[in-house]
Structure formats: structure tokens, C-alpha cells
Amino acid sequence: MAKTNAFPTDFLTVDALTPAQLGAVLKTAARGKKDRRFGAKALAGKSIVMLFEKPSLRTRVSFEVGINRLGGHALFYDHAKERIGERESIHDYGRVLERYADGIVARVFSQGALEELAANCDAPVVNALSDTHHPCQALADVLTITEHLGSVKGKTVAYIGDGNNVTLSLAQAVVMLGGHMLEVAPEGFGLSAAEVAAISNLAAASRAGGSFTASSDVEAMSGADVVYTDTWVSMHHSSAEAARRLRTFKPYQIDGAMMARAGGAIFMHCLPAERGVEVTADVVDGAASVVFDQAENRMHAQNALLLHLFGEA
Ligand code: CP
Ligand code: NVA
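Residues numbered from 1 in each chain as written. Chains lettered and ligands numbered in written order. Predicted model: local features only at pLDDT ≥ 70, side-chain atom pairs only at ≥ 80, totals over all residues. Heavy atoms only, no water.

**Student:** Even after reading the chapter, I still don't get the overall build of the protein chain, so can you show me in this structure?
**Tutor:** Each helix and strand counted, the protein chain has eleven helices and nine strands in total. For 313 residues, the compact-globule estimate of 2.2 N^0.38 gives 20 Å, and the C-alpha radius of gyration of the protein chain, at 19 Å, lies within 12% of that figure. When its C-alpha atoms are laid out on the principal axes, the protein chain stretches across 55 × 40 × 40 Å. Here the protein chain, with 313 residues, has 54% of them falling under the buried criterion. Once local pairs closer than 6 in sequence are excluded, the contacts in the protein chain between residues at least 24 apart make up 74%. (Helix = DSSP H or I, 4+ residues; strand = E, 2+ residues; numbered from the N terminus. Rg over C-alpha atoms; globule rule 2.2 N^0.38 Å. Buried < 20%, exposed > 50% of the residue type's maximum accessible area, 1.4 Å probe, protein only. Contact = heavy atoms within 4.5 Å.)

Written out as C-alpha cells, the structure reads:
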């Protein structure tokens, strides 16, 4: 079904937005970043529940501070000890939370649980990371690329390492804006065939000239404009899986030689980073690294998203 121009009620994946809506969010974010008072009272009287099943530094603090800057109130609901749906149904969660809150920001394991919550809650639901998507991160990432390289369109974003939640959301955002997403992952650790097909369809439907390519060969990253990596062991991976992953991914570590192979690229990482594992300290702390701009941009991008979700942009 064709998407309307109306802003979606929830933000669970990047492709919930049209490319034009994504562009509008980025414009609002750039405006908010320049002017600290922008949208200062937009969420006055609104309460946002932040329901987190997993740990967080950036997402939690950027949302809490950001919502405060917009005049709203953020209530942190620690759900680390129990998954939603265990004590009572997700349906009832949604129906109860909508009676108190004007919005829900949720960091969970299951994307399906998030979808069920959104389907049963009249207040907007924002995905603050699930096992398969990290759309708020991707908003900040494309904002950061735009700031440093002028645009995402026509740029090659080489993501090296584990094809995970960060990769999928980044790929969606990059192709929607006309960028070329290159995923370099060991065999069996890239995005699934279904995810790749959906990203390619999204690139075609977005008509911005974007593309998606996958490889297991690090040589493929030559000439990339952006080198991006993330942890090899995500929060949803078991400790039993960790040892195998650390062995398998070793040749994909981003070090000075890898950056030289790309030649003049900026380095990106959603953080937290493990220095000496997926990236060496000299790269993450080096001149080409923009990781702290990314971290800062979480707040500007999310505030822009909230302004659009609440019809205040
Ligand atoms: N990048 C990111 O989402 O960081 P946190 O896990 O600290 O929120
Ligand atoms: N892929 C990581 C991202 C953390 C921000 C995880 O899911 O743990």
C-alpha cells in the first residue's frame, strides 16, 4: 500500500518514514542543534515513559535530557529484570500505559513485542533499540554523515563486522537518502537474505539512487567515504556465542591499515566501543573518528523525531 504523507504514529523502523519525512526530520534536527531554544515548550505537559529491558548510556540520557529540553517529562521505567509480556500481557501494558503517558520510548529484545505494544497503545511508541533494529541510532548517523560529508547521497558507507540491528537501520536510512551501503561481514554473519531484499526494494522505491552491496572481503571497502563498525557481541547474544564471534570476526577489526584501505574515510561507531576488539584505540580516538558527534546527534535527531511525531515541527 502506498504511504501517505502523514507522519507515522509510531517509529519502530527507519522505513516507517518516507524519504521526504526522513529528510524533514534531519532538517529539524539541524535547526534544533543550532538553536538550543528551538521547540523549548513543544512537549510541555507531556510525559514520556522510557521502558528499558537492556542497559543504556546514550539512548537513555539523550532522550531524558532531550525531552526535558522540549519541556516534557521523561519517566524511566527500568525493565531489566523482566521482559514485557511476562507479568501481564503486552496488550494490557499498552492499554494501561496509554492512560498515563503521551508517548513510550522502549528498548527491548523482541521487535515483535514492540510491534504488539504499538498496536495496543494509542500513544506513539519509539524503538530505542530491539534485537533487529536501532532506528534512532540511524537518524543520528545520517545526520552526522550529512554534517561531515555534506550529504549521504552518492556516498559509500562501509559497515564492517556483524550484520546486526545497527547495520539494518543504518542501511535503510542510507539507501533512502541515495547513499551506497556496503556491508562487509564474515560468511553467515551478514544481514539475512530477506533483509537484504527488503533494503534493495527500499533503495529502488526511494528513487534517490541508493544501493546495497554485501561482501565478506575487506578489500571491498577501498574508497569508502565512511567506515562504520559496531560491537561483535550485542546485548542479545549469549556468552556462549561470544567466544566464537570474537574468533570469527578478528580479521574484520578496524585498525590503521583498514582505514588506510578505505583512504580518507571518516570513522563511525554507535558506541559502546571495545578498544582492541572491533576497533583499535588509535582509530576510535583518531582524527578521522566522529563517534562523539554521533553520540551528541542522538539527542538532536531524537528531539526532531519527537517534534514531528507530536505534530510540533
Ligand atoms: N549507541 C547506543 O544506543 O548506546 P547505548 O546502548 O548506551 O544507549
Ligand atoms: N548492536 C549493539 C548496539 C548497542 C548500541 C547491541 O544491540 O548491543
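**Student:** What should I look at first to understand the site of ligand 2 in this one?
**Tutor:** Within the structure, ligand 2 sits among Leu-129, Asn-164, Asn-165, Val-166, Asp-230, Thr-231, Ser-234, Met-235 and Leu-271. Between Asp-230 and ligand 2, the recorded distance is 2.7 Å, taken from a side-chain N or O atom to a nitrogen atom. Met-235 is positioned with one of its backbone polar atoms (N or O) 2.8 Å from an oxygen atom of ligand 2. Within the complex, 94% of the 270 Å² of free accessible area of ligand 2 lies under protein. Classifying every residue of the shell around ligand 2 by side-chain character gives four nonpolar, four polar and one charged. (Near = heavy atom within 4 Å. Polar contact = N/O pair within 3.5 Å; in protein donor to acceptor, adjacent residues only side chain to side chain. Areas by Shrake-Rupley, 256 points an atom, 1.4 Å probe, with all protein chains shown as cover. Nonpolar A, V, L, I, M, F, W, Y, C, P; charged D, E, K, R; others polar.)

**Student:** Looking at this model, I keep getting lost on the site of ligand 1. Mind explaining?
**Tutor:** Every residue close to ligand 1 is listed here: Ser-56, Leu-57, Arg-58, Thr-59, Arg-107, His-134, Gln-137, Cys-270, Leu-271 and Arg-298. Contact distances for ligand 1 include 2.6 Å between an oxygen atom and a side-chain N or O atom of Ser-56. Cys-270 is positioned with one of its backbone polar atoms (N or O) 2.9 Å from a nitrogen atom of ligand 1. Its free accessible area being 260 Å², ligand 1 has 95% of it covered by the protein chains.

**Student:** What is the right way to read the side chain of Glu-183 from this model?
**Tutor:** Structurally, the position occupied by Glu-183 is in strand β6 (residues 180-184). Although buried, Glu-183 forms no salt bridge, and the nearest oppositely charged side chain, Arg-245, lies 11 Å from it. Look past the residues within four positions of Glu-183 in its chain and what remains in contact with it is Tyr-159, Gly-163, Thr-167, Gly-190, Leu-191, Phe-212, Thr-213, Ala-214 and Ser-215. (Lys, Arg positive; Asp, Glu negative; His and termini not counted. Salt bridge = Lys/Arg side-chain N within 4 Å of Asp/Glu carboxyl O.)

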